[in-house]
Amino acid sequence: DTGVSQNPRHKITKRGQNVTFRCDPISEHNRLYWYRQTLGQGPEFLTYFQNEAQLEKSRLLSDRFSAERPKGSFSTLEIQRTEQGDSAMYLCASSYTGELFFGEGSRLTVL
Amino acid sequence: GQNIDQPTEMTATEGAIVQINCTYQTSGFNGLFWYQQHAGEAPTFLSYNVLDGLEEKGRFSSFLSRSKGYSYLLLKELQMKDSASYLCAANGGATNKLIFGTGTLLAVQP
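Residues numbered from 1 in each chain as written. Chains lettered and ligands numbered in written order. Predicted model: local features only at pLDDT ≥ 70, side-chain atom pairs only at ≥ 80, totals over all residues. Heavy atoms only, no water.

All names here are of chain B. Bridge analysis of strand β6 (residues 53–57) against strand β7 (residues 60–65) gives 5 bridges, and the strand direction is antiparallel. Counted as the bridge partner of G53 is L64 from β7. A loop of 2 residues connects β6 with β7, the two strands running antiparallel in sequence, and G58 in this loop sits at a positive phi of about 65°. (Pairing = 2+ DSSP bridges. Helix = DSSP H or I, 4+ residues; strand = E, 2+ residues; numbered from the N terminus.)

Looking at chain A as a whole, the pLDDT averages 94, with 99% of positions reaching at least 70. Across chain A, the secondary-structure element scoring lowest on mean pLDDT is strand β6 (residues 53–57) of chain A, at 92, and the one scoring highest is strand β3 (residues 19–24) of chain A, at 98. (pLDDT = per-residue confidence, 0-100.)

Attention now goes to the state of the cysteines. Linking two cysteines covalently via their sulfur atoms produces the bond known as a disulfide. Under the defined criterion, the tally for this structure stands at 2 disulfides over all chains. With its sulfur 1.9 Å from that of its partner, C23 of chain A forms a disulfide with C92 of chain A. Classification of the bridge connecting C23 of chain A and C92 of chain A rests on its S-S torsion, roughly -70°, and on that basis the disulfide is left-handed. One end of the pair, C23 of chain A, is in strand β3; the other, C92 of chain A, is in strand β9 (residues 88–95), and 69 residues separate them in sequence. Here C22 of chain B engages in a disulfide with C88 of chain B; their sulfurs sit 1.9 Å apart. (Disulfide = S-S within 2.5 Å.)

Sheet strands pair by backbone hydrogen bonding; their relative direction is either parallel or antiparallel. All names here are of chain A. Read across the sheet, 4 strands follow the order β1-β3-β8-β7 without closing on themselves; strand pairing throughout is antiparallel. Because the sheet does not close on itself, it has two edges, and the strands there are β1 (5–7) and β7 (65–68). On average, each strand axis in the sheet is tilted by 15° relative to the strand beside it, whichever way the strands run. The pairing of β3 with strand β8 (residues 75–79) spans 5 bridges and is antiparallel. When the bridges of β8 are listed, C23 appears paired with S75. (Axes fitted to C-alpha atoms, helices over the stretch in contact; angles between N-to-C directions.)

Across the contact, 19 residues belong to chain A and 16 residues belong to chain B. Between chain A and chain B the total buried area reaches about 1500 Å² when both faces are included, carbon and sulfur atoms providing 54% of it. It is P43, E99 and F102 of chain A that lose the most area in chain A upon contact with chain B, and together they represent 27% of the buried surface on that side. Summed over the shared surface of chain A and chain B, the number is 1 salt bridge. Residues K97 of chain B and E56 of chain A are paired through a salt bridge, measuring 2.4 Å at the closest nitrogen-oxygen approach. Linking chain A with chain B are 5 residue pairs in polar contact (both at pLDDT 80 or more). For the side of chain A that touches chain B, the element with the most residues is strand β4 (residues 31–37) of chain A, which contributes 4 residues. (Contact = heavy atoms within 4.5 Å. Buried area = accessible area lost by both parts, 1.4 Å probe. Salt bridge = Lys/Arg side-chain N within 4 Å of Asp/Glu carboxyl O. Polar contact = N/O pair within 3.5 Å; in protein donor to acceptor, adjacent residues only side chain to side chain.)

For the rest of this paragraph, the subject is the sheet that holds strand β8 (residues 70–75) of chain B. All names here are of chain B. Overall, antiparallel pairing links the 5 strands, which are arranged β1-β3-β8-β7-β6 in an open sheet. Strand pairing shows two members of the sheet lacking a second neighbour, β1 (3–5) and β6, which therefore form its edges. Neighbour-to-neighbour, the strand axes of this sheet turn through a mean angle of 15°, independent of strand direction.

Here the focus is the packing of aromatic side chains. If you walk through the whole model with that rule in mind, you get 17 aromatic pairs over all chains. Where Y35 of chain A meets F100 of chain B, the ring centres are 5.6 Å apart and the plane angle is 85°; that geometry is what we call edge-to-face. Pair noted here: Y35 of chain A is in strand β4 and F100 of chain B is in strand β10 (residues 98–100), and the two residues belong to different chains. Residue Y35 of chain A shares its accessibility class with F100 of chain B, and that shared class is buried. With 6.1 Å between their ring centres and 55° between their planes, Y70 of chain B and Y72 of chain B make a pair best called tilted. Relative accessible area serves as the criterion here: at 16%, Y72 of chain B is assigned to the buried category. Put simply, the rings of Y35, F45 and F102 of chain A together with F33, Y35, F45, Y48 and F100 of chain B pair up and form one aromatic cluster. Between R22 of chain A and the ring centre of F74 of chain A, over which it is positioned, the NZ or CZ distance is 3.9 Å. (Phe/Tyr/Trp six-rings, centres within 6.5 Å; stacked < 30°, edge-to-face > 60°. Buried < 20%, exposed > 50% of the residue type's maximum accessible area, 1.4 Å probe, protein only. Lys NZ or Arg CZ within 6 Å of the ring centre and 35° of its normal.)

Where side chains of opposite charge bring their charged atoms close, a pairing between them can arise. Residue and element names in this part refer to chain A. Under the defined criterion, the tally for this structure stands at 7 salt bridges over all chains. A salt bridge links E44 to R36; the shortest N-O distance between them is 3.2 Å. Given a relative accessible area of 29%, E44 falls into the partly exposed group. Residues D86 and R64 are paired through a salt bridge, measuring 2.8 Å at the closest nitrogen-oxygen approach. One end of the pair, D86, is in the loop between β8 and β9; the other, R64, is in the loop between β6 and β7, with 22 residues separating them in the sequence. Salt bridges sharing partners connect three or more residues here, namely R64, E83 and D86.

Structure below.
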């Protein structure tokens, strides 16, 4: 399967712990996006990479969130000192031109 | 500001036609996308409009009016499997990021 891959698919953690999600985009795609989605809402933009450069971050992204794409291939999204409000589905998407291809998402539950 | 508006829920009957409307306001605009999302799954691409007019793809069609900031998704010959959330998203400029609406949850009834 050559689609966008995300792991872990599910993560349950206690408040205050750090979590990291990984995204492997479609191999020829130079653009990578992270979104967050909560129940009944559409995906909310978090950050965007073109190759290894992080070109845009949402103002909603607090300093507890950090994302990297060190070699312009896979990306990681780390959340430090998790809070219950961080519980959501974290979606990764990649593209080459216009259309975004989404992964299955990583569901985070903070207890 | 950037804003995407679409109805929260719609109900339709199997075999019928349904139109899901979307209005948008974005600071930049490179096109309008529609995605389908079944519960617990990733959004999947349905259609893309960058010029005014109607794009038809099988049972699904999408329309765009850039001057009115308006789009709709038309689903014909509805099937039970079409029950899903339909997300309207505007391409907001240089980064090609998509700004999504809240989604329209469509329930198809027998």
